[in-house]
Amino acid sequence: MMSHMPDSVYRVAEDFEREFEGGEAIATELLINAVRLGDLLMNLIDSFVRTRGLPSASSLQVMEVLRGEFKVSGQGLSPSVIAARSLISRPALTGVMDTLERRGLLRRKPEPTDRRRHYVEMTEAGRALMDEL
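Just so you know, these numbers come straight off a predicted model, no measurement behind them.

**Some remarks on the overall build of the chain**
For the chain, the helix and strand inventory stands at 6 helices and 2 strands. Order of helices (α) and strands (β) in the chain, N terminus to C terminus: α-α-α-α-α-β-β-α. For 133 residues, the compact-globule estimate of 2.2 N^0.38 gives 14 Å, and the C-alpha radius of gyration of the chain, at 20 Å, exceeds that figure by more than 25%. Considered along the principal axes of its C-alpha atoms, the chain spans approximately 65 × 35 × 25 Å. Counting the 133 residues in the chain, one finds 32% classified as buried. Of the contacts made within the chain by residues no fewer than 6 positions apart, 44% connect residues no fewer than 24 positions apart. A total of about 9000 Å² of accessible surface is found on the chain, and carbon and sulfur atoms cover 55% of it. The centroid of the 18 positive side-chain charges in the chain is displaced by 12 Å from the centroid of its 20 negative side-chain charges.

Below you can see the structure in the form of structure tokens.
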């Protein structure tokens, strides 16, 4: 996994603070390197989960939210709660859930009290995969 590491820390040019009045070289370097590290970590997580049966890091977030709720209540959650807990937008969440449902890892069920709404729960296969991860 070390092959994914960047070759070096990013540094701004020596004249950065002269060229960008009010800019601070160290703050800029810190921000750029933090973003690079975040990108690297997301790529590593994506690679890890893909080799283990999940399509993306976002799908891992969704499954972990569902797994946590199942452990607490034994039930699923509404998509809006999943979106809020996983910090994924509703439109993006729909795509993630569509993929996970096609793979048999979660299912959507009509809410018993309001059939216009639904809740989402992991399948047995989804729970087994998350236990393995």
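**Details of the packing of helix α3 (residues 57-73) against helix α5 (residues 90-102)**
Helix-helix packing is described using two parameters, namely the angle between the two axes and the distance between the axes. Following both chains from N to C, one finds α3 and α5 inclined at 80 degrees, their axes separated by 10 Å at the closest point. In terms of axis orientation, α3 runs roughly perpendicular to α5. The segment α3 lies against α5, with Ser58, Ser59, Val62 and Met63 engaging Leu93, Val96 and Leu100. For the contact of α3 with α5, the residue count by class is 5 nonpolar, 2 polar and no charged.

**With respect to the nonpolar core**
Judged by nonpolar contacts, the single largest core of 20 residues is most densely connected at Leu54, Val62, Met63, Leu66, Ile82, Leu100 and Leu106. When residues of this core are traced back to their parent elements, those giving at least two are α3, α4 (79-86), α5, β2 (114-122) and α6 (124-132). Here leucine 100 is in contact with Leu54, Pro55, Ser59, Val62, Met63, Leu105 and Leu106, once residues within four sequence places are set aside.

**Things to note about the pattern of salt bridges**
All told, the structure shown has 9 salt bridges when counted by the stated rule. Of the charged contacts, one joins glutamate 64 and arginine 67 as a salt bridge, the two residues approaching to 3.1 Å between their closest N and O atoms. With glutamate 64 and arginine 67 both in helix α3 and 3 residues apart, the pair spans about one turn of that helix. The class for glutamate 64 is partly exposed, based on a relative accessible area of 36%. The salt bridge involving arginine 108 is made with glutamate 101; its shortest N-O contact spans 2.8 Å. A relative accessible area of 30% means that glutamate 101 is categorised as partly exposed. Salt bridges sharing partners connect three or more residues here, namely Asp98, Glu101 and Arg108.

**Comments concerning α3**
In a regular helix each residue adds 1.5 Å, so 17 residues correspond to 24 Å; α3 covers 24 Å between its end C-alpha atoms and thus fits that length. Every buried residue of α3 is accounted for by Ala57, Ser59, Val62, Met63, Val65, Leu66, Arg67 and Glu69. Against the buried residues of α3 lie α2 (25-50), α4, α5, β1 (106-111), β2 and α6. Phi turns positive, to about 75 degrees, at glycine 74, one or two residues after α3.

Thresholds applied
Residues numbered from 1 in each chain as written. Predicted model: local features only at pLDDT ≥ 70, side-chain atom pairs only at ≥ 80, totals over all residues. Heavy atoms only, no water. Helix = DSSP H or I, 4+ residues; strand = E, 2+ residues; numbered from the N terminus. Rg over C-alpha atoms; globule rule 2.2 N^0.38 Å. Buried < 20%, exposed > 50% of the residue type's maximum accessible area, 1.4 Å probe, protein only. Contact = heavy atoms within 4.5 Å. Areas by Shrake-Rupley, 256 points an atom, 1.4 Å probe, with all protein chains shown as cover. Lys, Arg positive; Asp, Glu negative; His and termini not counted. Charge placed at Lys NZ, Arg CZ, Asp CG, Glu CD. Axes fitted to C-alpha atoms, helices over the stretch in contact; angles between N-to-C directions. Parallel < 35°, antiparallel > 145°, perpendicular 65-115°, else oblique. Nonpolar A, V, L, I, M, F, W, Y, C, P; charged D, E, K, R; others polar. Core = buried A, V, L, I, M, F, W, Y, C linked by side-chain atoms within 4.5 Å. Salt bridge = Lys/Arg side-chain N within 4 Å of Asp/Glu carboxyl O. Expected span 1.5 Å × (residues − 1).

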